[in-house]
Amino acid sequence: MDSSELKPIAGGGLLDRRLFMQKGLCFSLAAMAAGSSEASMSSSQRLPWMREPGKAFSNYGQPSPYERRTIRWTMGNEMAPGNGVSWTPLHDLEGMITPNGLHFERHHNGVPQIDPQQHQLLIHGLVRQALVFDLQDLLRYPMTSCLCFVECGGNSNAGWHRRPIQTAAGYFHGMASCSEWTGVPLRILLEEAKVKGGGKWMIAEGADAAAMNISIPLEKAFDDCILALYQNGERIRPENGYPLRLIVPGWEGVVNVKWLRRLHITNRPTMARNETAKYTDLLPSGKARQFSFVMDAKSLITSPSFGQRLLEPGLYQISGLAWSGRGRIARVEVSADGGESWAEAELQAPVLAKCFTRFRIPWQWEGDNTVIKSRAVDESGYVQPEREALIARRGRHGYFHYNAIVSWKISAQGDISHVY
Ligand SMILES: Nc1nc2c(c(=O)[nH]1)N[C@H]1C(S)=C(S)[C@@H](COP(=O)(O)O)O[C@H]1N2
Ligand SMILES: [Mo]
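Anyway, here's the lowdown on the structure attached to this text. Each chain carries its own residue numbering, running from 1 in the written order of its sequence. Chain letters and ligand numbers both follow the written order, the letters beginning at A and the numbers at 1. For a predicted model such as this one, the threshold for reporting local features is a pLDDT of at least 70, and the threshold for listing and counting side-chain atom pairs is 80 or more; totals across whole chains, interfaces and linings nevertheless cover every residue. As a rule here, side-chain values cover all heavy atoms of the structure and leave hydrogens and water aside.

So, the site of ligand 1
Step number 1: Among the 20 residues in the neighbourhood of ligand 1, the closest are listed as Phe104, His108, Asp208, Arg245 and Lys258.
Step number 2: A distance of 3.0 Å separates an oxygen atom of ligand 1 from a polar atom in the backbone of arginine 106.
Step number 3: For this analysis, a polar contact is any N or O atom pair within 3.5 Å, provided that within protein one partner can donate a hydrogen and the other can accept it, and provided that sequence-adjacent residues contribute only side-chain to side-chain pairs. Here an oxygen atom of ligand 1 and a side-chain polar atom of histidine 108 are 2.7 Å apart.
Step number 4: Coverage of ligand 1 by the protein chains reaches 100% of its 540 Å² of free accessible surface. Near is defined per residue: the residue qualifies when any heavy atom it owns lies within 4 Å of the molecule or strand. Per-residue and other accessible areas follow the Shrake-Rupley method at a 1.4 Å probe size, with only the shown protein chains counted as cover for residues.

See below:
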């Protein structure tokens, strides 16, 4: 390959995003690997698993034992073990879908072990006809799928800390996961119940011991909410709401009520704990933002990122995730010189609304100290803010809804740390 093709298109060595797709681009590492695999093919050097029959079949697959470090990081509460969080290891994953066993978790009072035969959904309140469904009923309705993220409104909250937290990308931003959710469009059931004129809100309640509830405008319920029964093709995991969960695409996690048992149609919100004391943002004016449901655009470089190491100068692929509750990601820009210059990353198809979008860009690292970061722009024109801009807008009393640009510092030795 001719070296002029490796001419940077922005500072810090960012290369044209189409480069990886051009013929003739090969890493020198790839050539070395080919040599060694030839040697291992000779019969005298057959590795143990090539010499004897493998393991028998299994009823349910598990990851390779060599991948046992790709795990959720859990943080419980000693006083109330069922109240806590676990984070998706975004830094160890690729593509856009989160494996079910690695979907993040946020529970207020543990995971109920629900017998699906005894679970029911009630729709009542300001409706002409109150309705009760068991799962057998729901499974007969027409279904649809939505590939979308679920993100806790408290995700990335360490970004508000005065000093940059030093932790892996997923254990900082991984209260966000992305799945194919399949189930019955809520609109169908609401039309069956016939909402009365005054019905403007719905209060969704879970069957967990917290009986967690939250108010959702009916307009959204009629738009794209799903009563989800399946997650990435299989029935929803207990941790994520088995046997029935409300999916509210693009809106903060807490409205995606798990273990859904009741939808109460009302004329106003109920002012539940999670829409008053929590998930609201105290602004510099002294007023609080409330019902800030839509998750603003965010992006994050997952590779290279904190905890990984660049072993030597050379060609790398910067890869990360971007998403927006407002719709599709329009573009992601990457900087490899601390924000002096930016280049557009390649977006991996399909680019779907309210869904994780994978971005990539080739990068020639010369072995210098530098800062890499990404900036998402969504189809509404919203641009992911720098941290100072977010703080100027929201002040310093916030805890929720942090979506500022994330910067990783690369040292001349190739170590990676989190910086503001
Ligand atoms: N019934 C019920 N639904 C719930 C919760 C809960 O504790 N109980 N937690 C909420 C919060 S705050 C979030 S962020 C999401 C987390 O969904 P997950 O655990 O599937 O990732 O579920 C929401 N739905
Ligand atoms: Mo949440």
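From this point, the discussion proceeds with the structure in view.
Things to note about the sheet that holds strand 8 (residues 201–206)
Step number 1: Only strands that DSSP links by at least two bridges are regarded as paired with each other. Secondary structure elements are defined from DSSP: runs of H or I of at least 4 residues count as helices, runs of E of at least 2 residues count as strands, and each element is numbered from the N terminus. If you trace the five strands from one edge of the open sheet to the other, you get 5-4-13-8-9, paired in mixed fashion. One side of each edge strand has no neighbouring strand; the edge strands of this open sheet are strand 5 (131–134) and strand 9 (213–217). Each strand axis lies, on average, 15° off the axis of its neighbour in the sheet, ignoring direction.
Step number 2: Pairing between strand 8 and strand 9: five bridges, direction antiparallel. Each residue of the ladder has a partner; that of alanine 204, found in strand 9, is isoleucine 214.
Step number 3: Here helix 5 (residues 186–193) sits on the sheet in contact with strand 4 (120–125), strand 5, strand 8 and strand 13 (260–266), set at roughly 140° to strand 5. Whenever a helix is involved, its axis is fitted only over the stretch in contact; in every case the axis is a line through C-alpha atoms, and angles between N-to-C directions fall within 0 to 180 degrees. Contacts: residue pairs with any heavy atoms within 4.5 Å of one another.

Observations regarding the side chain of serine 299
Step number 1: Mapped onto the secondary structure, serine 299 falls in strand 16 (residues 298–303).
Step number 2: Classification of serine 299 by relative accessible area gives buried; the value is 0%.
Step number 3: A polar contact of 2.8 Å, which involves the side chain of serine 299, links it to the side chain of serine 374.
Step number 4: A distance of 2.7 Å separates a polar atom in the side chain of serine 299 from a polar atom in the side chain of glutamine 384.
Step number 5: Once you skip the residues sitting within four places of it in the chain, serine 299 turns out to touch Leu321, Ala322, Phe359, Ser374, Arg375, Ala376, Gln384 and Val406. Remark: exposure states derive from per-residue accessible area (1.4 Å probe, protein chains only) relative to the maximum for the residue type, with buried under 20%, exposed over 50%, and partly exposed in between.

Quick word on the nonpolar core
Step number 1: Remark: nonpolar core denotes a set of buried residues (Ala, Val, Leu, Ile, Met, Phe, Trp, Tyr, Cys) joined through side-chain atoms within 4.5 Å. One finds Ile123, Leu186, Met202, Ile216, Leu246 and Leu260 to be the most contacted residues of the largest nonpolar core, which totals 52 residues.
Step number 2: Not counting the four nearest positions on each side in its chain, isoleucine 123 is found in contact with Ala130, Leu131, Phe133, Leu189, Leu190, Ala193, Leu263 and Ile265.
Step number 3: Grouped together as the second largest cluster of nonpolar side chains are 36 residues, Ala10, Met295, Trp323 and Val332 included.

Examining the sheet that holds strand 17 (residues 314–323)
Step number 1: The four strands are arranged 16-17-21-20 in an open sheet whose pairing can be described as antiparallel. Unpaired on one side and paired on the other, strand 16 and strand 20 (346–347) mark the two borders of the sheet.

Topic: unusual backbone geometry
Step number 1: Residue proline 243 is bonded to the preceding tyrosine 242 through a cis peptide linkage, with omega at 5°.
Step number 2: Mapped onto the fold, proline 243 is located in the loop between strand 11 (234–235) and strand 12 (245–247).
Step number 3: The phi dihedral of alanine 211 is positive, around 45°, even though this residue is not glycine.
Step number 4: Phi at phenylalanine 291 takes a positive value of approximately 55°, unusual for a residue other than glycine.
Step number 5: Since its relative accessible area comes to 24%, phenylalanine 291 is described here as partly exposed.

Functional significance is not addressed by these values, which are geometric in nature.
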